[in-house]
Amino acid sequence: MDTRTNGQKQGQTGGKPEAIVLAPHSTAEIAALAERYLTPNYRNAPIVFVDGDGPWGITQDGERFLDFSAGVAVNGLGHNHPDLVAALQDQTQKLIHQSNYWHNAHAAPLAEDLCREFQRATGQAARAFFCNSGAEGTEATVKMARRYHAKVLGKPRPGVITVHGSFHGRTYAAMTATAQPKYQEGFEPLVPGFRYGEFGDLASIAALIDDTVGAVMIEVVQGEGGVAVPPPGFFKGLRQLCDDHGILLCLDEVQTGLGRTGTFFAFEQEGIVPDIIWLAKALGGGIPVGAVLAREPVAMALVAGSHATTFGANALAMRAGRTVLAIFARDGLVAHTAEVGAYLLQALHAAFDGQPYTLDVRGRGLMCGVAIDGDPKKVVDAARDRGLLLSVAGTNVLRLTPPLIVTREHCDLAVAKLRASADSVLLPN
Ligand SMILES: *Cc1c(COP(=O)(O)O)cnc(C)c1O
């Protein structure tokens with residue numbers, strides 16, 4: 001029986017406890033263990049990261065990589081941000097998790113922070129639901145939209161329109177919303193009620209509307225689909241279409257949100273007010289945190305007992321989210337992203353426009369892509385050999401989503417490495 005009950009905390013009995021020593025493994029041993037014990041759904045490159053330094057990832061063999069993937073747009077503050085580290089250290093010494101049967105000190109205040117941003121951007125009151133990932137945000141959005149129509153408005157409208165090339169996550173409704181065959185094949189039957197239009201093509205969406213459709217779910221800039229930037233006026237038209245038919249406009253800002261595109265929410269650049277948005281990737285600075293923000297009447301559809309997640313809104317996750325937002329505000333990271341992002345895009349144009357393999361250079365803020373005529377995986381591998389990390393999007397796009405703390409110098413270095421890598425793979429030698 002534990003006798004350390006009154007007043008004295010575990011770990012405060014005598015100095016700082018030592019971390020339990022875990023057996024170390026060489027890089028080759030880890031690769032072998034992964035080969036033997038992990039499900040083979042990831043193609044991990046044989047690199048083992050153990051440390052980080054701002055935009056740099058550091059392997060256990062001491063190599064430094066300039067990380068322009070940022071853990072797929074998760075590490076917005078880069079690695080080892082001192083203020084985030086300090087907050088998480090403090091929080092882990094106090095309270096990591098407490099169930100939603102009670103309050104913790106950080107969930108409702110983080111909801112206030114996010115809803116205040118929503119109010120600033122839209123003039124509308126919102127409420128937040130917290131979860132742990134992008135896919136969970138997608139699921140909560142589908143449930144909220146369906147329940148709003150069925151129970152608040154009193155007429156079920158379960159139909160959901162999404163668009164081809166989208167990405168909304170890998171759980172069942174999220175995978176069904178993700179209108180790309182490669183993510184769905186072999187997993188049928190999918191969730192009923194989804195239909196697919198084309199990104200940027202209003203007529204294709206209008207053609208799918210009938211009175212069973214209650215929601216449109218769409219990214220503002222398609223991420224995994226290939227850094228697809230919407231044509232001017234598309235979202236204004238979509239908002240009008242949804243208004244005309246009583247449809248909820250639900251924006252997946254999992255990748256684009258939190259400053260990534262140069263405004264706090266990507267939708268701000270489209271001049272529209274969404275009904276539901278959801279965030280995840282950068283919100284926790286690496287700690288899994290997702291959030292759904294909905295205009296007040298829609299949010300009220302999730303009445304007591306209607307939806308839940310055990311880990312969602314736990315104290316550590318919420319402390320992480322609040323700290324990330326505080327750092328963003330203090331350091332002006334959204335404006336910084338707009339400024340450095342414009343610089344990166346122009347540097348990419350300068351390096352890649354006119355190359356025989358370049359099809360397109362595009363982006364918003366620090367979410368940029370170079371579409372190439374060739375195999376992007378080979379270029380990403382060649383870049384890794386040169387110490388640069390980035391990811392592939394769509395079938396032919398080299399995607400750059402660096403941490404929002406990068407400087408122009410980091411961008412110059414990344415573009416030089418990427419150009420050399422692309423040349424080495426794509427130009428005849
Ligand atoms: C990454 C992503 C998701 C899924 O997030 P997970 O945390 O992997 O479930 C959903 N939507 C968008 C736009 C994303 O980029």
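Rules and cut-offs
- Every chain's residues receive numbers from 1 upward, in the order its sequence appears when written.
- In view of the model being predicted, local features appear only for residues whose pLDDT reaches at least 70, and side-chain atom pairs are presented and counted only at 80 or more, with totals across whole chains, interfaces and linings using the full set of residues.
- Water and hydrogen atoms were dropped before computing side-chain values, which therefore reflect all heavy atoms in the structure.
- Starting at the N terminus, helices and strands are each numbered in turn, a helix being any DSSP run of H or I of at least four residues and a strand any DSSP run of E of at least two.
- Only the C-alpha atoms count toward the radius of gyration. The rule for a globule is 2.2 Å times the residue count to the power 0.38.
- Relative accessibility under 20% of the residue-type maximum defines a buried residue, over 50% an exposed one, and the middle range a partly exposed one, all with a 1.4 Å probe and only protein chains included.
- Contacts: residue pairs with any heavy atoms within 4.5 Å of one another.
- Exposure was quantified through the Shrake-Rupley algorithm and a 1.4 Å probe, taking into account, for residues, occlusion by the shown protein chains and nothing else.
- Charge assignment: positive for Lys and Arg, negative for Asp and Glu; neither His nor the chain ends contribute.
- Taken as the charge location is NZ of Lys, CZ of Arg, CG of Asp or CD of Glu.
- Throughout, the term near means that a residue has one or more heavy atoms lying within 4 Å of the molecule or strand in question.
- Polar contacts, as used here, are pairs of N or O atoms within 3.5 Å; protein pairs need one atom able to donate a hydrogen and one able to accept it. Residues neighboring in sequence count only if both atoms are side-chain atoms.
- The nonpolar class holds Ala, Val, Leu, Ile, Met, Phe, Trp, Tyr, Cys and Pro. Asp, Glu, Lys and Arg form the charged class, and all remaining residues, Gly among them, are polar.
- Angles shown run from 0 to 180 degrees and are taken between the N-to-C directions of axes, each axis being a line fitted to C-alpha atoms and, for helices, limited to the stretch in contact.
- What makes a crossing left-handed is the near helix being turned counterclockwise from the far one by less than a right angle; a clockwise turn instead makes it right-handed.
- The definition of a nonpolar core used throughout is a set of buried Ala, Val, Leu, Ile, Met, Phe, Trp, Tyr and Cys residues joined through side-chain atoms within 4.5 Å.
- In this entry, domain limits derive from an automatic or database-based domain assignment.
- The term buried area means the drop in 1.4 Å probe accessible area that two parts suffer when joined, counted for both and summed.
- The salt bridge criterion pairs a side-chain nitrogen of Lys or Arg with a carboxyl oxygen of Asp or Glu, the two atoms within 4 Å.

Caption draft 1: Broad picture of the overall build of the chain. Helix and strand content of the chain: 14 helices and 15 strands. For the chain, the C-alpha radius of gyration of 22 Å lies close to 22 Å, the compact-globule estimate for 429 residues. In terms of overall dimensions, the chain has a C-alpha envelope of 75 × 60 × 45 Å along the principal axes. Out of the 429 residues in the chain, the part that is buried amounts to 51%. When contacts within the chain are restricted to residue pairs at least 6 apart in sequence, those whose partners lie at least 24 apart make up 71%. Surface accessibility of the chain: about 19900 Å² in total, with carbon and sulfur atoms responsible for 55%. Positive and negative side-chain charges in the chain, numbering 37 and 43 respectively, have mean positions lying 5 Å apart.

Caption draft 2: Structural detail: the site of the ligand. By nearness alone, every residue bordering the ligand is listed as Ser133, Gly134, Ala135, Phe167, His168, Gly169, Glu219, Asp252, Val254, Gln255 and Lys281. One nitrogen or oxygen atom from the main chain of Gly134 is found 2.8 Å from an oxygen atom belonging to the ligand. At a separation of 2.7 Å, an oxygen atom of the ligand approaches a polar backbone atom of Ala135. Bound to the protein, the ligand loses 81% of the 380 Å² it would expose on its own. Here the shell around the ligand is composed, by residue class, of three nonpolar, five polar and three charged.

Caption draft 3: Inspection of the packing of helix H4 (residues 107-122) against helix H11 (residues 315-331) at higher detail. Across the interface, H4 lies against H11 with an axial gap of 9 Å and an inter-helix angle of 35°. The hand of the H4/H11 crossing is left-handed. Residues Ala107, Pro109, Leu110, Asp113 and Leu114 of H4 form the contact with H11, whose own contacting residues are Met318, Gly321, Arg322 and Leu325. The residue makeup of the contact of H4 with H11, split by class, is six nonpolar, one polar and two charged.

Caption draft 4: Quick peek at the nonpolar core. Leu114, Ile218 and Leu348 are the most contacted members of the largest nonpolar core, which totals 84 residues. Considering every element that reaches this core, the biggest residue donor is helix H12 (residues 333-352), with nine residues. Both of domain 1 (92-331) and domain 2 (332-398 + 407-429) provide at least three residues apiece to this core. Residue contacts for Leu114: discarding those within four places in its chain leaves Phe130, Phe264, Phe265, Leu279, Leu283, Ala291, Leu293 and Leu325. Core analysis: the next-biggest nonpolar cluster, separate from the first, contains 24 residues, Ala140, Ala177, Met217 and Ala280 among them.

Caption draft 5: Representation of the domain arrangement of the chain in the model. Domain annotation of the chain identifies domain 1 (92-331) and domain 2 (332-398 + 407-429). Distance between the C-alpha centres of domain 1 and domain 2: 28 Å. With 26 residues of domain 1 at the interface, the matching set in domain 2 holds 16 residues. With both sides pooled, the region where domain 1 packs onto domain 2 buries about 1600 Å², and carbon together with sulfur makes up 61% of that total. For the domain 1 face of the interface with domain 2, the top three residues by lost area are Val227, Arg260 and Phe328, together amounting to 32%. Linking domain 1 with domain 2 are one salt bridge, by the criterion used here. Across the pair Arg364 and Glu270 runs a salt bridge, and its minimum N-O distance is 2.8 Å. For the interface between domain 1 and domain 2, the tally reads 10 residue pairs in polar contact (both at pLDDT 80 or more). Residue contributions to the side of domain 1 that touches domain 2 peak at four residues, all from H11. For the side of domain 1 that touches domain 2, the class distribution of residues is nine nonpolar, 11 polar and six charged.

Caption draft 6: View of the pattern of salt bridges. Per the stated rule, a full pass over the model turns up 19 salt bridges. The residue Lys94 makes a salt bridge to Asp90 at a minimum N-O spacing of 3.1 Å. Between Arg399 and Glu224 there is a salt bridge whose closest N-O contact spans 2.7 Å. Here Glu224 lies in the loop between strand E7 (213-219) and helix H9 (234-245) and Arg399 lies in strand E15 (residues 397-400), a separation of 175 residues in the sequence. Residue classification places Glu224 among the buried residues on the basis of a relative accessible area of 16%. Each of the salt bridges in this network shares a partner with another, and the network as a whole consists of Arg239, Asp243, Asp275 and Arg295.

Caption draft 7: Examining unusual backbone geometry more closely. With an omega of 5°, the peptide bond between Glu188 and Pro189 qualifies as cis. Topologically, Pro189 is positioned in the loop between helix H7 (181-184) and strand E6 (194-197). In this structure, Ala73 takes a positive phi of about 65° despite not being glycine. In this structure, Ala73 sits in helix H2 (residues 70-73). By relative accessible area, which is 2% here, Ala73 ends up buried. For Leu258, which is not a glycine, the phi torsion comes out positive at approximately 60°.

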